[in-house]
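Read off the chains here:
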Amino acid sequence: MLNNSNLITYGENEPILITTTEEIESDENRYIQLKNEVYDQLFVYSKETGDRVSVEQTSDGIRVDEPYESLVATYRYSYNNGA
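Each residue is numbered by its place in its chain's sequence as written, counting from 1. At least 70 in pLDDT is required for a residue's local features to be given in this predicted model, at least 80 for side-chain atom pairs to be given and counted, and no such filter applies to totals for whole chains, interfaces and linings, which use all residues. Think of the side-chain values as coming from all heavy atoms in the structure, minus any hydrogens and water.

Enquirer: Got a minute to help me understand the overall build of the protein chain in this structure?
Expert: The secondary structure content of the protein chain amounts to zero helices and six strands. In the protein chain, the succession of α and β elements from N to C terminus is β-β-β-β-β-β. Relative accessibility thresholds used throughout: buried, under 20% of the residue-type maximum; exposed, over 50%; partly exposed, between the two (1.4 Å probe, protein chains only). Within the span of the protein chain, comprising 83 residues, buried residues form 23% of the whole. When contacts within the protein chain are restricted to residue pairs at least 6 apart in sequence, those whose partners lie at least 24 apart make up 71%. Areas reported as accessible are Shrake-Rupley estimates using a 1.4 Å probe. Residue values count occlusion only from the protein chains shown. Put simply, the protein chain shows about 6,400 Å² of open surface, and 42% of that area lies on carbon and sulfur atoms. Helix and strand definitions follow DSSP, with helices as H or I runs of at least four residues and strands as E runs of at least two, each counted in order from the N terminus. Working rule for contacts: check all heavy atoms of both residues, and any pair within 4.5 Å makes them a contact.

Enquirer: In this structure, what is going on with the packing of aromatic side chains? I would like to understand it.
Expert: For any pair of aromatic rings, geometry is given as the distance between the ring centres together with the angle between the planes. Whether two aromatic rings pair depends on their centres lying within 6.5 Å, for rings of Phe, Tyr and Trp, where Trp uses its six-membered ring; planes under 30 degrees apart make the pair stacked, over 60 edge-to-face, and the rest tilted. Under the definition given, this model contains one aromatic pair. Taken together, a centroid distance of 6.4 Å and an interplanar angle of 50° make the contact between Tyr75 and Tyr77 tilted. Residue classification places Tyr75 among the buried residues on the basis of a relative accessible area of 0%.

Enquirer: Would you mind going over the environment of Ser54 with me for this structure?
Expert: With respect to the helices and strands, the residue Ser54 is situated in the loop between β3 (40–46) and β4 (56–58). For the pair formed by Ser54 and Val64, sequence separation is ten residues and the distance between their alpha carbons is 6.1 Å. Ignoring sequence-local partners within four residues, the contact set of Ser54 consists of Arg63, Val64 and Asp65. Any pair of nitrogen or oxygen atoms within 3.5 Å is treated as a polar contact; in protein, a donor-acceptor pairing is required on top of that, and neighbouring residues in sequence qualify only through side-chain atoms on both sides. Engagement of the side chain of Ser54 in a polar contact is seen with the side chain of Asp65, the distance being 2.8 Å.

Enquirer: Help me out: how do you make sense of the environment of Ile24 in this one?
Expert: Examined against the element boundaries, Ile24 turns out to sit in strand β1 (residues 16–25). Spatially, the C-alpha atom of Ile24 lies 9.9 Å from that of Ser46, the residues being 22 residues apart in sequence. Discounting residues that sit within four places of it in the chain, Ile24 has contacts with Ile32, Gln33, Leu34, Glu69, Ser70, Leu71 and Ala73.

Enquirer: Is there a simple way to explain the sheet that holds β3 in this structure?
Expert: Two strands in a sheet stick together by hydrogen bonds in their backbones, pointing the same way (parallel) or opposite ways (antiparallel). By the convention used here, strands pair only if DSSP detects at least 2 bridges between them. Spatially, β1-β6-β3 is the arrangement adopted by the three strands of the open sheet, whose pairing is antiparallel. With one partner strand each, in any of the chains shown, β1 and β3 form the two edges of the open sheet. Taken over all neighbouring pairs, the strand axes of this sheet differ in orientation by 20° on average, direction set aside. Sheet analysis places β1 next to strand β6 (residues 70–79), joined by ten bridges and oriented antiparallel. Think of each axis as a best-fit line through the C-alpha atoms, taken over the contacting stretch in the case of a helix, with angles from 0 to 180 degrees between the N-to-C directions.

Enquirer: Please clarify how the sheet that holds β4 should be interpreted in this entry.
Expert: The strand order across the open sheet built from three strands is β2-β5-β4, with neighbouring strands paired in antiparallel fashion. The open sheet has two edge strands, β2 (31–32) and β4, and neither has a second partner. The pairing of β2 with strand β5 (residues 61–63) spans two bridges and is classified as antiparallel. The residue bridging Ile32 from the neighbouring strand is Ile62, located in β5.

Below you can see the structure in the form of structure tokens.
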């Protein structure tokens with residue numbers, strides 16, 4: 001199963017971009033907290049309707065349209081072998 005695990009090689013300090021999806025809920029101030037820092041390609045959708053939710057990245061964090069909304073976020077983050 002792991003025979004092809006070394007097909008792609010990365011430099012020692014070269015980040016590996018990982019795509020992840022999280023189910024989250026916005027807080028009372030309409031901010032969301034993600035497990036990892038977003039590298040690029042942040043998409044946020046309503047869990048109930050599947051409609052895309054607009055996001056605003058501010059100095060305080062990531063803000064969405066409504067408080068206490070169940071959301072699904074898909075984004076890429078940079079992984080550096082645990083460094």
